[in-house]
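Coordinates in review
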Amino acid sequence: MKAIVRANYGSPDVLEFREIDKPVPKDNQVLVKVHTAAVNPFDWHILRGEPFLVRLMGFGLLKPKHGTIGADMAGKVEAIGKNVTQFKVGDEVYGSGMGGFAEYACLGENAAAHKPENLTFEQAAAVPIAGLTALQALRDRGRVQGGQHVLVNGASGGVGTFAVQIAKAFGAQVTGVCSGKNVELVRSIGADHVIDYTKEHFWLNGQEYDLIVDNAAFQSIHKPLRVLKPQGTYVGVGGSSSTVNVLQSLILNPIIAKIKGRRVVTFIANMNQADLVFMKELLEAGKVTSVIDRRYSLNDTPQAIRYVEEGHARGKVVITI
Ligand SMILES: NC(=O)c1ccc[n+]([C@@H]2O[C@H](COP(=O)([O-])OP(=O)(O)OC[C@H]3O[C@@H](n4cnc5c(N)ncnc54)[C@H](OP(=O)(O)O)[C@@H]3O)[C@@H](O)[C@H]2O)c1
């Protein structure tokens, strides 16, 4: 099969488009004929091995353990492992695994779900990491409630476009923060108010929020905490990814939060079937949809990753296999 592979950590330049053996599913995995894969910032972290912390998470200290990359995918089940009970050959599925930038890839049964019926493969592939991160940030970490005022910083990216729609589905009033070129997009997916960060800082306009979901935490945490209500929650999703900044948000932010008496949560999303099914229901009910920015072919995956790495995607970038 054709796949994108690499032998070492590095920039997208280390990627090669090659013919390799089809993977064989483990007992608890399904083999998927990938129709579409999606690119996430996660992919360039795994590609570069940066921040260094990701290498300590089982991806290989000096050299990558896995030759293939790509996590999110949608396609058809081609074969199943002997312990798989929920899927059969021919099922249309979506989920997050390893090696999605390829013609075939394996998905753990617990990180896969049936594809939402009203979505194309492309729309479905766009969901797993970004959609589940947004869902878990709002529902689990942020404990969002109807009627609350939620601010989504970085509202026009992969996580942000899902976060705005999911917050609306939970009945919240939503303010999205993005650059001027994306104001109309963020409004069109349901944001009640949109702040253009090139013209105005959200922490200076006097409005207070019950919940802040920060996908673009490039500023010191003191700033968003200024506009968080006393009982509110700040959920740090992403932003600067240097090792220093990651350690700072894991160690310093809870201390600052304690001093200021605010609830601050930093988390890493967890890919699981229950949440893919939860998203399938929201998607099939028409409450949420995927926003697709750009499409690339499999051999153009390095360009797709370079584009996402620039940090200004408008929704999701997908790879059509
Ligand atoms: N914690 C987790 O488990 C988890 C999971 C997924 C992602 N993440 C992280 O979350 C972040 C967002 O992920 P993503 O997939 O949404 O990335 P993305 O698709 O690349 O989107 C990034 C968005 O950030 C916006 N942005 C850039 N600078 C900004 C600023 N100063 N203020 C406000 N918005 C700004 C961009 O909008 P403009 O073009 O308008 O600037 C763009 O739409 C990344 O850092 C990623 O690594 C974390």
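Reading the values: rules and limits
Residues numbered from 1 in each chain as written. Predicted model: local features only at pLDDT ≥ 70, side-chain atom pairs only at ≥ 80, totals over all residues. Heavy atoms only, no water. Salt bridge = Lys/Arg side-chain N within 4 Å of Asp/Glu carboxyl O. Helix = DSSP H or I, 4+ residues; strand = E, 2+ residues; numbered from the N terminus. Buried < 20%, exposed > 50% of the residue type's maximum accessible area, 1.4 Å probe, protein only. Phe/Tyr/Trp six-rings, centres within 6.5 Å; stacked < 30°, edge-to-face > 60°. Lys NZ or Arg CZ within 6 Å of the ring centre and 35° of its normal. Axes fitted to C-alpha atoms, helices over the stretch in contact; angles between N-to-C directions. Parallel < 35°, antiparallel > 145°, perpendicular 65-115°, else oblique. Contact = heavy atoms within 4.5 Å. Nonpolar A, V, L, I, M, F, W, Y, C, P; charged D, E, K, R; others polar. Domains from an automatic or database assignment. Buried area = accessible area lost by both parts, 1.4 Å probe. Polar contact = N/O pair within 3.5 Å; in protein donor to acceptor, adjacent residues only side chain to side chain. Core = buried A, V, L, I, M, F, W, Y, C linked by side-chain atoms within 4.5 Å. Pairing = 2+ DSSP bridges.

**Some remarks on the pattern of salt bridges**
Tallying each qualifying case throughout the model produces 16 salt bridges. Ionic pairing is found between arginine 306 and aspartate 13, a salt bridge with its closest N-O pair at 2.6 Å. Of this pair, arginine 306 sits in helix α9 (residues 301-309) while aspartate 13 sits in the loop between β1 (2-5) and β2 (16-19), and the two are 293 residues apart along the sequence. Take arginine 306: its relative accessible area is 33%, and that puts it in the partly exposed class. Note that arginine 187 is salt-bridged to glutamate 184, the shortest N-O span being 2.9 Å. Within this pair, arginine 187 and its partner glutamate 184 are both found in helix α5 (residues 183-188), separated by three residues, close to a single helical turn. The exposure class assigned to arginine 187 is partly exposed, which follows from its relative accessible area of 40%. The exposed category is assigned to glutamate 184, whose relative accessible area is 53%.

**Some points on the packing of aromatic side chains**
Counted according to the given criterion, the structure contains three aromatic pairs. Both rings, one in phenylalanine 170 and one in phenylalanine 278, keep their centres 6.4 Å apart while their planes meet at 10°; by these two values the pair is stacked. Of this pair, phenylalanine 170 sits in the loop between α4 (158-169) and β9 (173-178) while phenylalanine 278 sits in helix α8 (residues 273-284), placing them 108 residues apart in sequence. The exposure class of phenylalanine 278 is partly exposed, given its relative accessible area of 28%. Above the ring of phenylalanine 121, the side-chain terminus of lysine 115 is found at 5.1 Å from the ring centroid.

**Brief notes about the packing of helix α3 (residues 128-141) against α8**
Interhelical geometry of α3 versus α8 gives an angle of 95° and a closest axis separation of 10 Å. In terms of axis orientation, α3 runs roughly perpendicular to α8. Across the interface between the two elements, Pro128, Gly131, Leu132, Leu135, Gln136, Arg139 and Asp140 from α3 touch Asp275, Leu276, Phe278 and Met279 from α8. Considering only residue class, the contact of α3 with α8 consists of six nonpolar, two polar and three charged.

**Observations concerning the domain arrangement of the chain**
When cut into domains, the chain gives domain 1 (2-127 + 290-320) and domain 2 (130-266). Once you take the C-alpha centre of each, domain 1 and domain 2 turn out to be 27 Å apart. With both sides pooled, the region where domain 1 packs onto domain 2 buries about 1200 Å², and carbon together with sulfur makes up 59% of that total. When the buried area of domain 1 at its contact with domain 2 is split by residue, Val127, Val291 and Arg314 rank highest and sum to 39% of it. Applying the counting criterion to the domain 1 and domain 2 interface returns five residue pairs in polar contact (both at pLDDT 80 or more). For the side of domain 1 that touches domain 2, a count of residues per class yields eight nonpolar, five polar and three charged.

**Here's the deal with the nonpolar core**
Within the largest apolar cluster, 43 residues are counted, with the highest numbers of intra-cluster contacts made by Tyr94, Leu138, Val150, Phe162, Val164, Ile166 and Met279. Put simply, the parts of the chain that give this core at least two residues each are α2 (121-125), α3, β8 (149-153), α4, β9, α5, β11 (209-214) and α8. Each of two domains, domain 1 (2-127 + 290-320) and domain 2 (130-266), supplies a minimum of three residues to this core. The contacts of valine 164, once residues within four sequence positions are left out, are Val152, Ala155, Val174, Val186, Ile189, Gly190 and Ala191. Counting 28 residues, the second-largest nonpolar core is a separate cluster that includes Trp44, Ile69, Met73 and Val84.

**Here we look at the sheet that holds β8**
Spatial ordering of the open sheet is given by β10-β9-β8-β11-β12-β13, a layout of six strands whose pairing is parallel. With partners counted over all chains shown, the strands left at the sheet margins are β10 (193-196) and β13 (263-266), one partner each. Mean inter-strand twist for the sheet, computed between neighbouring axes without regard to direction, equals 15°. Pairing geometry for β8 and β11, over four bridges, is parallel. Residue pairing for β11: leucine 151 is matched across the bridge by isoleucine 212. Across the sheet, α4 is in contact with β8 and β9; its angle to β8 comes to roughly 170°.

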